[in-house]
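One-letter residues, chain by chain:
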Amino acid sequence: MTRHVLDVTDLAVDELRRVVHLAGVEPSELGSPLRVDGVARGVALVFQKPSLRTRQSMEIAVAQLGGHPVTTRDDEIGFDVRESVEDITRILCGFHSIVAARVYDHTVLARMASVADRPVVNMLSDHSHPLQALADVLTMEQVFGHLSGRTVAWIGDYNNVARSLAEACAMLGARLRFACPVGFGPSEAEVERLTVLGQHQIVVSSRPHDVVDGADAVHTDTWVSMGDEAEASRRERAFEGFTVDASVMAAAPSHAVFLHCLPAHRGVEVSADVIDGSQSLVVAQGHNRLHAARGLLAFLAASQAASQAGEGST
Ligand code: CP
Ligand code: NVA
């Protein structure tokens with residue numbers, strides 16, 4: 001069976017733990033799982049949206065594992081404009097051992113996965129950002145050890161980054177709290193889904209100061225994600241009062257850490273003194289994208305090798 005990772009929940013809990021473990025392993029200990037019989041395997045990286053961290057970390061991770069990354073912008077290949085997503089995916093699967101994409105519409109990833117005989121990896125969609133969540137978990141575990149029993153607070157938009165972080169935290173036993181403006185928080189069904197996933201009661205509030213009280217980690221992200229630009233002014237009005245600033249961090253325990261996936265907007269979703277302050281882990285978090293990418297790719301390469309060995313023995 002081809003393993004696709006479109007969401008964190010495409011991994012079982014033990015697989016998520018395995019990926020995070022692999023992310024913490026020195027690259028030299030992982031060998032070259034993307035080099036098979038001396039031949040570098042390709043990894044396709046297709047971007048419909050801009051990227052700094054995701055492109056750089058995935059390219060370096062592929063190279064560290066012995067493979068060869070090929071990055072393409074959608075304006076070169078034209079998803080559903082020059083040719084269909086399905087035709088593009090089938091062709092990429094003939095060249096590459098893994099196909100990764102950053103898309104506007106999550107259903108494009110589902111269409112890719114439906115025709116791919118190689119793993120499809122989500123490098124961010126409107127729905128989720130699993131690679132970011134892996135780095136977020138790794139960063140928090142580097143500080144706290146296991147996340148089980150820790151409290152993670154999210155302030156702002158319940159967006160792609162929030163969803164993947166929430167899934168990963170729930171699966172690893174952390175408690176979740178959200179402070180979001182009305183209309184921008186998780187739906188009741190989403191809260192129920194996360195509660196079942198994590199077996200902990202989830203707090204949803206519109207008061208940032210309340211949700212950080214007792215929190216070990218405070219996360220936020222932009223109020224205007226890529227693709228939401230037309231709503232920028234409406235969103236900036238709706239999110240007034242949701243800036244993570246020194247007064248919000250003062251309501252959290254002194255050991256609490258601050259995280260943001262970046263790019264950040266100082267003075268908007270986070271004040272400069274918080275993101276550049278002593279509780280902020282954002283630079284380590286950004287650097288952990290490389291380790292997280294390498295961990296996931298090593299896991300997928302090992303899964304593919306095991307499945308091919310299984311097919312060979314039947
Ligand atoms: N955090 C993140 O995904 O960054 P990029 O958009 O720069 O890849
Ligand atoms: N939520 C943001 C994350 C950027 C890495 C976006 O989708 O634009």
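Everything quoted here is computed from the prediction, not taken from an experiment. (Residues numbered from 1 in each chain as written. Chains lettered and ligands numbered in written order. Predicted model: local features only at pLDDT ≥ 70, side-chain atom pairs only at ≥ 80, totals over all residues. Heavy atoms only, no water.)

A. Representation of helix α5 (residues 85-95). Taken as a whole, α5 has its buried residues at V85, E86, I88, T89, L92 and C93. Taken down its axis, α5 places every buried residue within 160 degrees of arc, on the same side. Turned more than 90 degrees off the buried face of α5, the exposed positions are G94 and F95. Looking at the buried positions of α5, the neighbouring elements they touch are β3 (42-47), α4 (74-77), β5 (96-102) and α6 (106-115). (Buried < 20%, exposed > 50% of the residue type's maximum accessible area, 1.4 Å probe, protein only. Helix = DSSP H or I, 4+ residues; strand = E, 2+ residues; numbered from the N terminus. Arc of directions from axis to C-beta. Contact = heavy atoms within 4.5 Å.)

B. Quick look at the pairing of β5. Across the seven residues that make up β5, a large majority, seven, are buried. Each parallel crossover has a hand, and the one from β5 via α6 to strand β6 (residues 120-122) is right-handed. (Right-handed = clockwise from strand over helix to strand, strands pointing away.)

C. Summary view of the pairing of strand β10 (residues 217-220). Burial along β10 is two-sided: the residues A217 and H219 and V218 and T220 are all buried. Of the strand pairs in this sheet, strand β7 (residues 151-155) and β10 are connected by three bridges, and their pairing is parallel. Residue W154 lies in a different strand from β10, and its bridge partner there is H219. In the sheet, β10 pairs with strand β11 (residues 257-260) via four bridges, with the strands oriented parallel. In the sheet register, T220 faces β11, and the bridge partner there is H260. (Pairing = 2+ DSSP bridges.)

D. Structural detail: the layout of surface pockets. Considered as a void within the structure, the largest pocket measures approximately 330 Å³ in volume. Surrounding the largest pocket, 22 residues form its lining, R102, L124, M226, L262 and P263 being those nearest its centre. Looking at the lining of the largest pocket, the elements with two or more residues in it are α3 (53-64) and α8 (160-171). Residues belonging to the lining of the largest pocket are distributed by class as follows: nine nonpolar, eight polar and five charged. Considered as a void within the structure, the second largest pocket measures approximately 210 Å³ in volume. What lines the second largest pocket is M1, T2, R3, D117, R118, P119, L300, S303, Q304, S307, Q308 and E311. Among the residues making up the lining of the second largest pocket, the classes are represented as three nonpolar, five polar and four charged. (1 Å grid on protein atoms, 1.4 Å probe; cavity = no way out; pocket = protein on both sides within 12 Å on 5 of 7 lines; lining within 4 Å. Points joined across faces, edges and corners; volume = space filled by probe spheres on them. Nonpolar A, V, L, I, M, F, W, Y, C, P; charged D, E, K, R; others polar.)

E. Representation of unusual backbone geometry. Put simply, L262 and P263 share a cis peptide bond, and its omega is 5 degrees. In the Ramachandran plot, L124 falls in the positive-phi region, its phi being about 120 degrees despite a non-glycine side chain. Tracing the sequence through the fold places L124 in the loop between β6 and α7 (130-144). Judged by its relative accessible area of 7%, L124 falls in the buried class.

F. Expanded view of the sheet that holds β11. Taken together, five strands build an open sheet; the order of strands is β9-β8-β7-β10-β11 and the sheet is parallel. On the outer flanks of this sheet lie β9 (203-205) and β11, each paired with one strand and no other. Between one strand and the next, the sheet's axes are offset by a mean angle of 20 degrees, whatever the strand orientation. Bridging between β7 and strand β8 (residues 175-179) involves five bridges; their strand directions are parallel. (Axes fitted to C-alpha atoms, helices over the stretch in contact; angles between N-to-C directions.)

G. Geometry of the site of ligand 2. What surrounds ligand 2 is the set L124, N159, N160, V161, D221, T222, S225, M226 and L262. A distance of 2.8 Å separates an oxygen atom of ligand 2 from a polar atom in the side chain of N160. Look at ligand 2: alone it shows 270 Å² of surface, and the protein chains cover 94% of it. Classifying every residue of the shell around ligand 2 by side-chain character gives four nonpolar, four polar and one charged. (Near = heavy atom within 4 Å. Polar contact = N/O pair within 3.5 Å; in protein donor to acceptor, adjacent residues only side chain to side chain. Areas by Shrake-Rupley, 256 points an atom, 1.4 Å probe, with all protein chains shown as cover.)

H. Focus on the sheet that holds β6. In space, the four strands of this open sheet follow the order β4-β3-β5-β6, with parallel pairing throughout. In the strand order of this sheet, the two ends are held by β4 (68-73) and β6, each with one partner. The average undirected angle you get between the axes of adjacent strands in this sheet is 20 degrees.

I. Fine view of the packing of α7 against α8. It is at 8 Å that the axes of α7 and α8 come closest, and there the two elements cross at 50 degrees. Comparing their axes, α8 and α7 come out oblique. The hand of the α7/α8 crossing is right-handed. The residues of α8 that touch α7, namely those facing P130, Q132, A133, D136, V137 and M140, are V161, S164, L165, A168 and C169. Each residue belonging to the contact of α7 with α8 can be placed in one class, and the counts come to eight nonpolar, two polar and one charged. (Parallel < 35°, antiparallel > 145°, perpendicular 65-115°, else oblique. Left-handed = near helix turned anticlockwise from the far one by under 90°.)

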